[in-house]
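So you can see what is in the structure, the chains are spelled out below.
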Amino acid sequence: MAKRLRPLTGLDALFVYLEAMGTPMHVASLIRMRPPTRGRLGFANALRDHLLARLADIAILRRELVAAPLALGHPMWREVANFDPAPHIRVQTLAKPGSERQLHGLIARLHAVELDRSRPLWDIVIVDGLADGGMAIYLKSHHALVDGQAGVQVMGALLDVEPRALQRPVARSKVETETPPVAAPSAIARAALRASAKQFGAMLRGVPESVRRLAAGAREAGSLEKLRDSVWLAPRTPFNSQLDSSRRFAATSLPLAEIKRIAKHFGASLNDVVMALCAGALRAQLLKSGELPDVPLIAAMPVSLRAPGVDGGNEVSMVQCPLATDIADPVERLAAIVSATRQIKGRVASFKGLIPTDFPGMAAPIWATGVSRLWQRGRLSERLPPLANLVISNVPGPPIPLYVAGATVTHFQPVSIITHGLGLNITVLSYAGSLEVGIVSSQTTLDKPEALSKGLHTALAALTKAALTKPPLSKVTA
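Here we summarise the structure given alongside this text. Note that the structure is predicted; figures quoted are calculated from it, not measured.

**Brief notes about the overall build of the chain**
Okay, so step 1: Counting secondary structure elements, the chain contains 14 helices and 15 strands.
Okay, so step 2: When each of the 478 residues of the chain is scored for burial, the buried share is 51%.
Okay, so step 3: Within the chain, contacts between residues at least 6 apart in sequence are counted, and of these 80% link residues at least 24 apart.
Okay, so step 4: Total accessible area on the chain stands at roughly 22400 Å², and carbon and sulfur atoms take up 58% of it.

Structure (structure tokens):
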């Protein structure tokens, strides 16, 4: 039975502990689709049956969270016996007229609700009643559950690269649904102790290599003092406040080809241009409210630490990226961002081996949860100097159109996480010729994120115009 228990890594478990702050730690996707014209009546319920058929055999979706007795280790995943996915998938119809504002408001409300830890940590809501005749799927799962490998597995089961017919759930036999024995608390305790011992051993074995990497990285960076001095303090903004329980959501799509043309003309990367667009929109937003700092905003930018060919839990960290929001000219702002991201790449390459993604679980449920509660109750995010103002994430996605139950997926928009002190998240996902943008905030940090999504289009227009009249950055900065 112990084989059915899968201990979480330290980083995966951290997403569980952080919910003690009162901030949900799930990520989501808003999948917009165009149902077939014929047979649209009742398509939402047929789509629910299709999803049940597709997702019933995904092993990771049958996992529930189990706490280690006496805090002997991190929580563990345990496969649920006789798992029924039906309660996880429901249909909701928008009231007329079914506007974009209504849809985004619904997604915001759904995203504010924590997942129920007494069952597998994922949910799907199929949204019908949109004014344009389309439909949507809101799929959310706990960040501890969905790493890169699991996300690909789930989306691979959910989506197709060509239209396919609706599927119906298959009745399970008694043999298939036979209840396996449930792990006794003693078995869970032994599994937790073994996992903690293994994590302690790995940490100790890694000390000599960490020392070597630290010395090598210090030489490459120039010195440890230089590395220390490169850690910036961000200016305080409305985004760096304590969150309330609400969530706000806005989404938009940007033309990928146009952004690639801008990047090619100026000799920048696609990510550089994305950061510049966000910087332009943020600058305009804060100028309008009279809250633009004199120094640049700092974005926390996720970076992957996963080694090639390695699968498993979450392997990610954050780096700082100055956004040059103090610069009015869009091309000069882009040039400053390009210079900053080149420095960031060098630092990550030198020190990524020192960034931990696992830590021993012995007593971690006590101290990590306690620190999270202290952070919330003490409002420490408002008392300590911020290291970043918001999170900006740029994720590569499928370059070709996808389908679900024969319906064309028109938009694939991300819905991510915000926390106390980082109350604004802009996540960008490339999909079939577009950059799909999802913006998450709370009422206290940014009540109307749709203004920021409009600002992205304004910033794109400014860079498009500049690409027609101004030289590449190499000539601008020469």
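**Quick word on the sheet that holds strand β4 (residues 76-79)**
Paired through their backbone hydrogen bonds, the strands of a sheet run either parallel or antiparallel.
Okay, so step 1: Strand order across the open sheet formed by 3 strands is β1-β4-β3, with antiparallel pairing between neighbours. Pairing within the sheet leaves two strands with one partner each, and these edge strands are β1 (5-7) and β3 (63-66). Adjacent strand axes in the sheet meet at a mean angle of 30 degrees when their direction is disregarded.
Okay, so step 2: When β1 meets β4, the two strands line up antiparallel, connected through 3 bridges. Looking across to β4, one finds that Arg 6 is bridged to Trp 77.

**Description of a nonpolar patch on the surface**
Okay, so step 1: Taken together, the side chains of Val 231, Leu 233 and Leu 387 define a hydrophobic patch exposed on the protein surface, amounting to about 300 Å² of accessible area.
Okay, so step 2: Note that Val 231 resides in the loop between α7 (224-229) and β8 (248-255).

**Concerning the pattern of salt bridges**
Any two side chains of opposite charge can pair if their charged atoms end up close together.
Okay, so step 1: Overall, the coordinates contain 12 salt bridges when judged by the stated rule.
Okay, so step 2: Two residues, Asp 160 and Arg 54, come together in a salt bridge whose shortest N-O distance is 2.9 Å. Separated by 106 residues along the polypeptide, Asp 160 in the loop between α4 (148-158) and α5 (185-205) and Arg 54 in helix α2 (residues 43-55) bring together distant segments of the chain.
Okay, so step 3: In this structure Asp 160 comes out as buried when scored by relative accessible area, which is 6%.
Okay, so step 4: Glu 382 is the salt-bridge partner of Arg 379, the closest N and O atoms lying 3.0 Å from each other.
Okay, so step 5: Connected through shared salt-bridge partners, Arg 32, Glu 100 and Asp 132 make up one network.

**Notes on the nonpolar core**
Okay, so step 1: Judged by nonpolar contacts, the single largest core of 52 residues is most densely connected at Leu 47, Leu 51, Leu 55, Ile 124 and Val 404.
Okay, so step 2: In terms of residues, this core owes the most to one element, α2, which gives 6 residues.
Okay, so step 3: Setting aside residues no more than four positions away along its own chain, Leu 47 makes contact with Met 33, Ile 126, Met 135, Ile 137, Leu 166, Val 404 and Ala 405.
Okay, so step 4: Judged by nonpolar contacts, the second largest core, of 49 residues, contains Ala 268, Val 273, Cys 278 and Leu 282.

**Considerations on the packing of helix α9 (residues 270-289) against helix α13 (residues 450-469)**
Okay, so step 1: It is at 8 Å that the axes of α9 and α13 come closest, and there the two elements cross at 120 degrees. It follows from the interaxial angle that α9 and α13 lie oblique. Note that α9 runs across α13; the crossing there is right-handed. The segment α9 lies against α13, with Val 273, Ala 276, Leu 277, Cys 278, Gly 280, Ala 281, Leu 282 and Gln 285 engaging Ala 451, Leu 452, Gly 455, Leu 456, Ala 459, Leu 460 and Leu 463.
Okay, so step 2: Along the lines of polarity and charge, the residues of the contact of α9 with α13 split into 12 nonpolar, 3 polar and no charged.

Cut-offs applied
- Residues numbered from 1 in each chain as written.
- Predicted model: local features only at pLDDT ≥ 70, side-chain atom pairs only at ≥ 80, totals over all residues.
- Heavy atoms only, no water.
- Helix = DSSP H or I, 4+ residues; strand = E, 2+ residues; numbered from the N terminus.
- Buried < 20%, exposed > 50% of the residue type's maximum accessible area, 1.4 Å probe, protein only.
- Contact = heavy atoms within 4.5 Å.
- Areas by Shrake-Rupley, 256 points an atom, 1.4 Å probe, with all protein chains shown as cover.
- Pairing = 2+ DSSP bridges.
- Axes fitted to C-alpha atoms, helices over the stretch in contact; angles between N-to-C directions.
- Patch = residues over 30% accessible without salt bridge, like charges linked within 9 Å, V, L, I, M, F, W, Y side chains within 5 Å.
- Salt bridge = Lys/Arg side-chain N within 4 Å of Asp/Glu carboxyl O.
- Core = buried A, V, L, I, M, F, W, Y, C linked by side-chain atoms within 4.5 Å.
- Parallel < 35°, antiparallel > 145°, perpendicular 65-115°, else oblique.
- Left-handed = near helix turned anticlockwise from the far one by under 90°.
- Nonpolar A, V, L, I, M, F, W, Y, C, P; charged D, E, K, R; others polar.

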